[in-house]
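Chain residues, written in single-letter form:
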Amino acid sequence: MTADPLTVHVLIEGRVQGVGYRAWCAGEAEDRALAGWVRNLKSGGVEAVFSGPSDTVVDMLDALWHGPSLARVNLVKDLEPVEPCSGIFEVRDTA
């Protein structure tokens, strides 16, 4: 693993709304000092961007498969690349 900067844009699908997934995701990202954001999608999924040291981002991607206790994650899919984020991790409104 390396500490080079990495930014990922992902879609998480499964039972990820109504189970505290966004709040859990934000807490996990903040614990790892990652920048970025998370939001629910009207389609029922969750979209997120994580920026930080590559080893920490990869660790976060692994954690996304578990989520909070009531979540059931079926898919974590890479989306189109985005610009790196900086600052605090934020929970955004549904898109």
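Look a little higher up for the structure.
Read on for a plain summary of the structure.

About the criteria used
- Residues numbered from 1 in each chain as written.
- Predicted model: local features only at pLDDT ≥ 70, side-chain atom pairs only at ≥ 80, totals over all residues.
- Heavy atoms only, no water.
- Core = buried A, V, L, I, M, F, W, Y, C linked by side-chain atoms within 4.5 Å.
- Buried < 20%, exposed > 50% of the residue type's maximum accessible area, 1.4 Å probe, protein only.
- Helix = DSSP H or I, 4+ residues; strand = E, 2+ residues; numbered from the N terminus.
- Salt bridge = Lys/Arg side-chain N within 4 Å of Asp/Glu carboxyl O.
- Phe/Tyr/Trp six-rings, centres within 6.5 Å; stacked < 30°, edge-to-face > 60°.
- Pairing = 2+ DSSP bridges.

## Regarding the nonpolar core
Working step 1: Judged by nonpolar contacts, the single largest core of 24 residues is most densely connected at Val-10, Ile-12, Tyr-21, Cys-25, Phe-50 and Leu-64.
Working step 2: Among the elements of the structure, strand 1 (5–15), helix 1 (21–31), strand 3 (46–53), helix 2 (54–64) and strand 4 (72–78) are those that each provide at least two residues to this core.

## Here's the deal with the pattern of salt bridges
Working step 1: All told, the structure shown has 4 salt bridges when counted by the stated rule.
Working step 2: Salt-bridge contacts for Glu-28 lead to Arg-32; the nearest nitrogen and oxygen are separated by 2.6 Å.
Working step 3: Taking relative accessible area as the criterion, Arg-32 reaches 19% and is therefore assigned buried.
Working step 4: Arg-92 serves as the salt-bridge partner of Glu-90, at 3.8 Å between the closest nitrogen and oxygen.
Working step 5: Of the residues examined, Glu-90 reaches a relative accessible area of 37% and is grouped as partly exposed.
Working step 6: A residue is classified by how much of its surface remains accessible, and Arg-92, at 30% relative accessible area, is partly exposed.
Working step 7: Among the charged side chains, a salt-bridge network with shared partners connects Glu-28, Arg-32 and Asp-59.

## So, the packing of aromatic side chains
Working step 1: Enumeration over the complete set of coordinates arrives at 2 aromatic pairs.
Working step 2: Here the aromatic rings of Tyr-21 and Trp-24 are separated by 5.4 Å at their centres, their planes lie at 50 degrees, and the arrangement is tilted. Of this pair, Tyr-21 and Trp-24 both sit in helix 1, 3 residues apart, which is roughly one turn of the helix.
Working step 3: For Tyr-21, a relative accessible area of 1% gives the class buried.
Working step 4: Classification of Trp-24 by relative accessible area gives buried; the value is 18%.
Working step 5: Taken together, a centroid distance of 5.6 Å and an interplanar angle of 15 degrees make the contact between Phe-50 and Phe-89 stacked. Of the two residues, Phe-50 sits in strand 3 while Phe-89 sits in strand 5 (residues 89–91), which places them 39 residues apart along the sequence.

## Structural notes on the pairing of strand 3
Working step 1: Taken across its 8 residues, strand 3 has 7 buried, putting it largely inside the fold.
Working step 2: In this structure, strand 2 (residues 35–40) lies alongside strand 3, joined through 6 bridges in antiparallel fashion. Along strand 3, the bridge assignment pairs Asn-40 with Val-46.
Working step 3: Hairpin geometry of strand 2 and strand 3 is characterised by an intervening segment of 5 residues between the two adjacent antiparallel strands and by a positive phi of about 105 degrees at Gly-44.

## Some words on helix 1
Working step 1: When helix 1 is considered as a whole, its buried residues turn out to be Tyr-21, Trp-24, Cys-25, Ala-26 and Ala-29.
Working step 2: Of the residues flanking the end of helix 1, it is Ala-33, one or two places downstream, whose phi is positive at about 60 degrees.

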